[in-house]
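Given next are the chains, with one letter for each unit.
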Amino acid sequence: MNQWLDDRLHLSRLNDKFLRKAFPVHHSFFLGEITLFSLVILILTGILLALSYEPSNAMVVNSFDPGTADAPNLLPAAYHSTLKINAMPFGDLLRRIHHWCANIMVAASVIHMMRIYFTGAFKKPREINWWIGLLAMIFAALTAITGYILPYDNYAYNTVKVVYGITASVPWVGPWLAQAAFAGNFPGDGIIPRIYGYHIMLLPMILLATVGAHMLIMIKQKHTQPQYAKRLAYKKIVGVPLMTQQTPIMILLLLVFAGLVMLFSAFVPVHPVEYFGPPSTTPINNIKPDWYLLWVFGALAIIPSFEFHVLGGIIGSEFTGAMLFPAIPLGLLFLVPLLDRSKENMYYAENPTNHPVRLAAGVAFLAFMLILSLAGYKPDLISAGVLKSESANAVLWILVFLVPAVAYFATMAIVRGIARLREADERERAAHAELPSHSVPSQGAHSHD
Amino acid sequence: MTRYKREDPEITRRKFINTAFGASAAVGGLALVSALGGANPVFRLTRDKMPPYKGDMLIHAEGAKAGQPVSVADLSDKITRAWPQGKDKDGNPVVRKGDPNNILGLFKFPKGQIVAPTNLEATIDGEVVAYSDICTHAGCSVANDDLKAGHLNCPCHSGKYSPREGGKVTGGPPPRGLAQLPIKLEGDKIVVTDFFLGHPYPFTEAEWEARKKAVEDALA
C-alpha cells in the first residue's frame, strides 16, 4: 500500500522534504501555535453557532415572552436567535468558548509579536512575515468587532452605531464609505446580514490566508533558533522532525489548550445579552470595547474637540482620534523591520538585553498603549473621584507621554546595570582563573552570552 | 531615385503591449470606482425617517409611558427621552423612530435658569427645552451626568453638555453642542414648531439644509 501510493503521489519526497523538517524547540515558540489553535477552535465553534444564529435585524415575536396578539413583544431576529442559542443545551458554553478563544487568540498573537520583536526575529529575511503577522492581528481585531455586533443587543447596537459614525467621519468619502460598508444609512435593513457576511466569510478567509502564508513563509525561511543551537551546531538546524516529534507535541498542546479553555468557559460567563436587552434609546453607562481596542477608545476619550474644514471635507476629533492617531503606533509597528540595516541573514534569537535601544523602545511602546487603554477608563476614574472632569484630559495626556519616557529610561538603566554585572562577573571569573595556587585548568569551561 | 529607408520602430512590441495593458487597467479601475461611487443602497426619506417637523407631537420613548404624549408634569432636570410623532398622508400617527438619531431629550428647569446661548423663544415659557439626544462626537445617546445634576454626559467618550445653556459642550471631544428643537405647548401636549436650530448629528451644515429642503419637498 505504501509503495502503491508512493508510486503515484511521491509520498517519500513529501516525507523527505517536509515531514522530516527540523523544528527548533523553545517554550516561547509555542505562542504562535496557541494563536493557531485558538483560530481552529473559533472556526469550529463558529460553525456550530452559525447553525442556530439568524442573521437578520427584522423584528420577530419573542418566543420566550410573546406578549399578546394585539401587542406582540417584538425583538430583532438576531437578538432573538442569540437568546435561543443561550437556551440551547451547551449553547451558552459554545458562546463562551467562542468568546474566550477570540480574546486568547489576540492575546497570544500580541505576546507572539513581542517575542519576535524583543528577540530580533523580524530581521532579514523575515520582514515579510512580520508584516503578514501584523495584518493578521489587525484583521483578527476587526473580526472580533464584527463578532460582538452580531448578537444585536443594546450593547452591540451602540457599538455598531459608533463604528458607523467613525467610518462616516472620514473626510470627503466618509458617508459613502459608511453606507457601502453597513448596507445603507444606519441602521439599514441589511446591516446585520452584511456584518454576518464579514464575520463568517470575508474576514475568516483573510485570516486563514494570512495565517497560512505566515506559516508557509516560516517553513520556507526556517524558524529562528535558540542560542543553544549555535553552540551545538553553528548554522545548522537543531530541532525535532515534524511528523514524529513536533506533531505529537502540537497535538498534546492543542488538547491541553482546548481542555483548559472549556474548563475556563464552564465557569466564567461572557457578555450577558439578556441584561442589556434589545436595541433601545437608553445609553449604556461606561460602555467599552474589548481590551485590545481600549487604546483607540482611550484616544477618542481624551482627544480635544475640534473641526477643520479642508476643501469641503471635515477633519474632526472623531476621525483624528479613531483613525489618524491610531495609524501612528500601527505605522511604527510596520516600520520596525526597516530599522535593521544588517546585510547578513538572521538565524538565532537574540538576547534582548544585548540590544538596549530596541528593548527600551519596545517597553516604552507597551507603556504608551497601556496608558491609552487606561484613558479608556476616564469615565470610571472621574466617577470614582480619582480624576476631576476638568483636568482629566490634561492629566491623561501628560501620562500618555510621560510614562513611556520613564519606561524607556528605566529600561535603559536596568539594562546598563545588567551589563555592568555581567562585566563584573567576567572580571571575577578571569581573576579567579589566574590565581596560580588555586587554579585547576577546566577543559569544560564555557562563557555564556 | 532615392531608396526608401525603413527605420526601426520607436517602441518594442513588448513595451506597446505593456502600455496598452496599463492604460486598460487604469481606465477599468477608474470605471470600477465610478460605478462603486454610485452603488450605495437607495435612501428613501419616508415619514418615519424625517427629522422632527412642525406640528409633530412629542411622545415618551422609553419606560412605562412609552408611546404616550409627553406632558410638562413628566419633566424634570433629568433627561426625558421622546420621539417626535407626525402623521401620514391619511392622518394616521407615524412615530419618527425610523432614524435613530431622531431621539430627543426634554428638560424642565425653574424659570430663569435657562440662559443664552439657549434660544429662549424656542422653549416653553423659558422652562421647558428640547434637544437632540445624540452626541455630536460619535453618535451615542447622551445620558444624565451622575456627578453633576442638570448636566449631560455621553457614556461613550465622556463628552459633556449643559442643557441650561443651549446644549453647549462643557467637556470632552464633541465638536459642537446638541441641536435645540423649537417647541410650544398646545393644550397639554408638547408640539414641535420648526426644524432643529443648527445641524444635528450626523449632518454637516450643507447636508442639513439639503435634508430640510428634501423634507419640505416631500411633504408639500
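Higher on the page you've got the structure.
Enquirer: Let's hear about the overall build of chain A: which residues, and what values?
Expert: The number of helices and strands found in chain A is 17 helices and six strands. Going through the 449 residues of chain A one by one, you find that 43% of them count as buried. Just so you have it, chain A exposes about 23,900 Å², and 69% of that area is on carbon and sulfur atoms. Averaging the locations of the 31 positively and 26 negatively charged side chains of chain A gives two centres separated by 11 Å.

Enquirer: Account for the overall build of chain B, naming residues and giving values.
Expert: Along its length, chain B carries two helices and 12 strands. Going residue by residue from the N terminus, the α and β elements of chain B occur as α-β-β-β-β-β-β-β-β-β-β-β-β-α. Relative to the 2.2 N^0.38 estimate, which gives 17 Å for 220 residues, the radius of gyration of chain B is 27 Å and therefore markedly larger than a compact globule would have. Dimensions of chain B, computed from C-alpha atoms along their principal axes, come out at roughly 110 × 45 × 30 Å. Among the 220 residues that make up chain B, the fraction classed as buried is 44%.

Enquirer: Account for the environment of B:Ala25, naming residues and giving values.
Expert: As for its placement among the helices and strands, B:Ala25 is situated in helix H1 (residues 13–37). Residue B:Ala25 is classed as exposed on the basis of its relative accessible area of 53%.

Enquirer: Could you give an account of a nonpolar patch on the surface, naming the residues involved and the relevant values?
Expert: Residue and element names in this part refer to chain A. Together, Val40, Ile43, Leu44, Ile47, Leu48, Leu51 and Leu208 make up an exposed nonpolar region whose accessible area comes to about 640 Å². No other element matches the five residues that helix H3 (residues 30–50) contributes to the nonpolar patch. On the basis of relative accessible area, Val40 is assigned to the partly exposed category, the value being 35%.

Enquirer: Can you explain the interface of chain B and chain A? Please cite residues and give values.
Expert: Listed per partner, the contact involves 37 residues of chain B and 37 residues of chain A. Contact between chain B and chain A buries roughly 2,800 Å² in total, counting both sides, with carbon and sulfur atoms accounting for 55%. Among the residues of chain B in contact with chain A, B:Asn40, B:Pro155 and B:His157 are the three that bury the most area, contributing 19% of the side total. Connecting chain B to chain A are one salt bridge.

Enquirer: Please set out the pattern of salt bridges residue by residue, giving values where relevant.
Expert: The tally for this structure, following the rule as stated, stands at 17 salt bridges over all chains. Of the charged contacts, one joins B:Lys189 and B:Asp188 as a salt bridge, the two residues approaching to 3.8 Å between their closest N and O atoms. On the basis of relative accessible area, B:Asp188 is assigned to the exposed category, the value being 54%. Shared partners join several salt bridges into a network, and the residues in it are A:Lys123, A:Asp340, A:Glu350 and A:Arg358.

Enquirer: Give me the lowdown on unusual backbone geometry, citing residues and values where you can.
Expert: A cis geometry characterises the amide bond from A:Lys124 onward to A:Pro125, with omega recorded as 5°. With respect to the helices and strands, A:Pro125 occurs in the loop between helix H5 (91–118) and helix H6 (127–149). B:Pro202 follows B:Tyr201 through a cis peptide bond whose omega is 0°. The residue B:Pro202 is located in the loop between strand E12 (189–192) and helix H2 (205–219) in this model. Phi at A:Tyr152 is positive, roughly 55°, even though this residue is not glycine.

Enquirer: An account of the side chain of A:Gln246 is needed here, citing residue identities and associated values.
Expert: The residue A:Gln246 is located in helix H11 (residues 242–267) in this model. With near-sequence residues (within four places) excluded, A:Gln246 lies in contact with A:Phe23, A:Glu33, A:Val240 and A:Pro241.

Enquirer: Can you explain the nonpolar core? Please cite residues and give values.
Expert: Residues and elements named next belong to chain A. Formed by 30 residues in total, the largest nonpolar core has its most connected members in Trp130 and Leu372. Secondary-structure elements contributing two or more residues to this core are H5, H6, helix H13 (294–302), helix H14 (317–335), helix H15 (356–375), helix H16 (378–383) and helix H17 (392–434). Ranked by residues supplied to this core, first place goes to H15 with seven residues. Formed by 26 residues, the second largest nonpolar core is a distinct cluster that contains Tyr53, Ile145, Leu150 and Ala178.

Enquirer: An account of helix H9 (residues 191–221) of chain A is requested, with residue identities and associated values reported.
Expert: Each α-helix turn comprises 3.6 residues. Residues three or four places apart therefore point the same way. All names here are of chain A. Between its terminal C-alpha atoms H9 stretches 42 Å, which fits the 45 Å expected from 31 residues at 1.5 Å a residue. The largest bend in H9 comes to about 40°, at Tyr198. Where H9 is buried, its residues meet helix H2 (11–19), H3, helix H4 (77–87), H5, H6 and helix H7 (154–168). Following H9 by one or two positions, Lys222 adopts a phi angle in the positive range, close to 75°.

Enquirer: Now, about the packing of aromatic side chains: what can you tell me, with residues and values included?
Expert: In this structure the tally under the stated criterion is 24 aromatic pairs over all chains. Consider the rings of A:Tyr117 and A:Phe122, whose centres lie 5.9 Å apart with planes at 20°: the pair is stacked. Summarising the aromatic geometry, the rings of B:Phe195 and B:Trp208 are spaced 6.1 Å apart at their centres and angled 85° between planes, so their arrangement reads as edge-to-face. Within this pair, whereas B:Phe195 is found in the loop between E12 and H2, its partner B:Trp208 is found in helix H2, the two being separated by 13 residues in sequence. Each of the two residues, B:Phe195 as well as B:Trp208, counts as buried. Taken together, the ring pairs connect A:Tyr152, A:Tyr157, A:Tyr164, A:Phe182 and A:Phe186 into an aromatic cluster. Of note, A:Lys288 hangs over the ring of A:Tyr377, and the distance from its end group to the ring centre comes to 4.7 Å.

Enquirer: How would you sum up the sheet that holds strand E8 (residues 160–162) of chain B? Please name residues and give values.
Expert: Residues and elements named next belong to chain B. Spatially, four strands are ordered E6-E7-E8-E9 in an open sheet, and the strand pairing comes out antiparallel. Bordering the open sheet on either side are strand E6 (143–144) and strand E9 (168–171), each of which pairs with just one other strand. Judged from the three bridges that link them, E8 and E9 form a sheet pairing that is antiparallel. Bridge assignment links Lys160 to a residue of E9, and that residue is Gly171.

So, how was this worked out
Residues numbered from 1 in each chain as written. Chains lettered and ligands numbered in written order. Predicted model: local features only at pLDDT ≥ 70, side-chain atom pairs only at ≥ 80, totals over all residues. Heavy atoms only, no water. Helix = DSSP H or I, 4+ residues; strand = E, 2+ residues; numbered from the N terminus. Buried < 20%, exposed > 50% of the residue type's maximum accessible area, 1.4 Å probe, protein only. Areas by Shrake-Rupley, 256 points an atom, 1.4 Å probe, with all protein chains shown as cover. Lys, Arg positive; Asp, Glu negative; His and termini not counted. Charge placed at Lys NZ, Arg CZ, Asp CG, Glu CD. Rg over C-alpha atoms; globule rule 2.2 N^0.38 Å. Patch = residues over 30% accessible without salt bridge, like charges linked within 9 Å, V, L, I, M, F, W, Y side chains within 5 Å. Salt bridge = Lys/Arg side-chain N within 4 Å of Asp/Glu carboxyl O. Contact = heavy atoms within 4.5 Å. Buried area = accessible area lost by both parts, 1.4 Å probe. Core = buried A, V, L, I, M, F, W, Y, C linked by side-chain atoms within 4.5 Å. Expected span 1.5 Å × (residues − 1). Bend = angle between axes of the 7 residues up to and from the residue. Phe/Tyr/Trp six-rings, centres within 6.5 Å; stacked < 30°, edge-to-face > 60°. Lys NZ or Arg CZ within 6 Å of the ring centre and 35° of its normal. Pairing = 2+ DSSP bridges.

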